[in-house]
Amino acid sequence: MLHLAGLAARHGWPLPSVGAHPGCTRTNLMTSDPTLNGGRPGLLESLLYKIVPSQVPEQGAEPLLYAATSPDAVPGGYYGPRWSLVGPTRATSLPRSAQDETVAARLWTEAEHLRGVSLPLRDV
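Let us look at the structure shown here. (Residues numbered from 1 in each chain as written. Predicted model: local features only at pLDDT ≥ 70, side-chain atom pairs only at ≥ 80, totals over all residues. Heavy atoms only, no water.)

Among the residues of helix α1 (residues 2-11), Ala5, Leu7, Ala8 and His11 are the ones counted as buried. Across the axial projection of α1, the buried residues extend over an arc of 160°, all falling on one side. Contact partners of the buried residues in α1: α4 (101-115). Looking at the residues trailing α1, positive phi occurs at Gly12, about 70°. (Buried < 20%, exposed > 50% of the residue type's maximum accessible area, 1.4 Å probe, protein only. Helix = DSSP H or I, 4+ residues; strand = E, 2+ residues; numbered from the N terminus. Arc of directions from axis to C-beta. Contact = heavy atoms within 4.5 Å.)

In structure tokens:
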């Protein structure tokens, strides 16, 4: 996300590259694989959501909608729940692993290689 935001800024592209995370949202994404809970549907999910603070899917979608549609979302911004796992949307810090520019550039290059496409970059 930051790599694309930097490319857009350097090349004058009107492209907002923004990130978001849903926090801990009550969906079946983590528990839809029956091998995770011994083939007992819902067991792991019900235990997990009793222990870990979580929010409904509508609230989990809020940061993603904010990042995609809000005029206040800034390029390179990262949005998620106010209290990390749950809560209202706010600007938040990127995880440290997502802030490494060298890793981001390597990931971008590898993604271009795997897809067989690259951005048409011009020197500015």
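Quick look at the layout of surface pockets now. In this structure, the largest pocket spans a volume of roughly 260 Å³. Lining the largest pocket are 16 residues, with Met1, Leu2, Ala98, Ala104 and Leu107 positioned closest to its centre. If you list the elements that add at least two residues to the lining of the largest pocket, you get α1 and α4. Take the lining of the largest pocket: its biggest share by element is five residues, from α4. Across the lining of the largest pocket, the residue classes break down as 12 nonpolar, three polar and one charged. (1 Å grid on protein atoms, 1.4 Å probe; cavity = no way out; pocket = protein on both sides within 12 Å on 5 of 7 lines; lining within 4 Å. Points joined across faces, edges and corners; volume = space filled by probe spheres on them. Nonpolar A, V, L, I, M, F, W, Y, C, P; charged D, E, K, R; others polar.)

Its location among the elements puts Gln55 in the loop between α2 (43-51) and α3 (57-69). The buried category is assigned to Gln55, whose relative accessible area is 2%. Reaching out from Gln55, the side chain makes a polar contact with the backbone nitrogen of Gly87 at a distance of 3.1 Å. Not counting chain neighbours up to four residues away, the residues in contact with Gln55 comprise Pro22, Gly23, Cys24, Thr25, Arg26, Gly60, Pro81, Leu85, Val86 and Gly87. (Polar contact = N/O pair within 3.5 Å; in protein donor to acceptor, adjacent residues only side chain to side chain.)

Turning to α4, a few remarks are in order. For α4, built from 15 residues, the straight-helix expectation of 21 Å at 1.5 Å per residue is met to within 8% by its first-to-last C-alpha distance of 21 Å. Residue Gly116 follows α4 closely and has a positive phi angle near 75°. (Expected span 1.5 Å × (residues − 1).)

What follows is about the packing of aromatic side chains. Under the counting rule described, the total for this entry stands at one aromatic pair. Between Tyr66 and Tyr79 the ring centres are 5.0 Å apart and the planes differ by 55°, which places this aromatic pair in the tilted class. A residue pair is termed long-range when its members are at least 10 positions apart, and Tyr66 in helix α3 and Tyr79 in strand β2 (residues 78-81) qualify at 13 residues. The exposure class assigned to Tyr79 is buried, which follows from its relative accessible area of 4%. (Phe/Tyr/Trp six-rings, centres within 6.5 Å; stacked < 30°, edge-to-face > 60°.)

Before going further, it helps to spend a moment on the sheet that holds strand β1 (residues 19-20). Backbone hydrogen bonds are what pair the strands of a sheet, in a parallel or an antiparallel way. Spatial strand order, β1-β2-β3: three strands in an open sheet with mixed pairing. Of all the strands in the sheet, just β1 and β3 (89-91) have a single pairing partner and so form its edges. Two elements, β2 and β3, share three bridges in a ladder whose sense is antiparallel. Residue pairing across strands places Tyr79 opposite Ala91, the latter belonging to β3. In the packing of α3 onto the sheet, contacts are made with β1, β2 and β3, and the angle to β2 comes to roughly 155°. (Pairing = 2+ DSSP bridges. Axes fitted to C-alpha atoms, helices over the stretch in contact; angles between N-to-C directions.)

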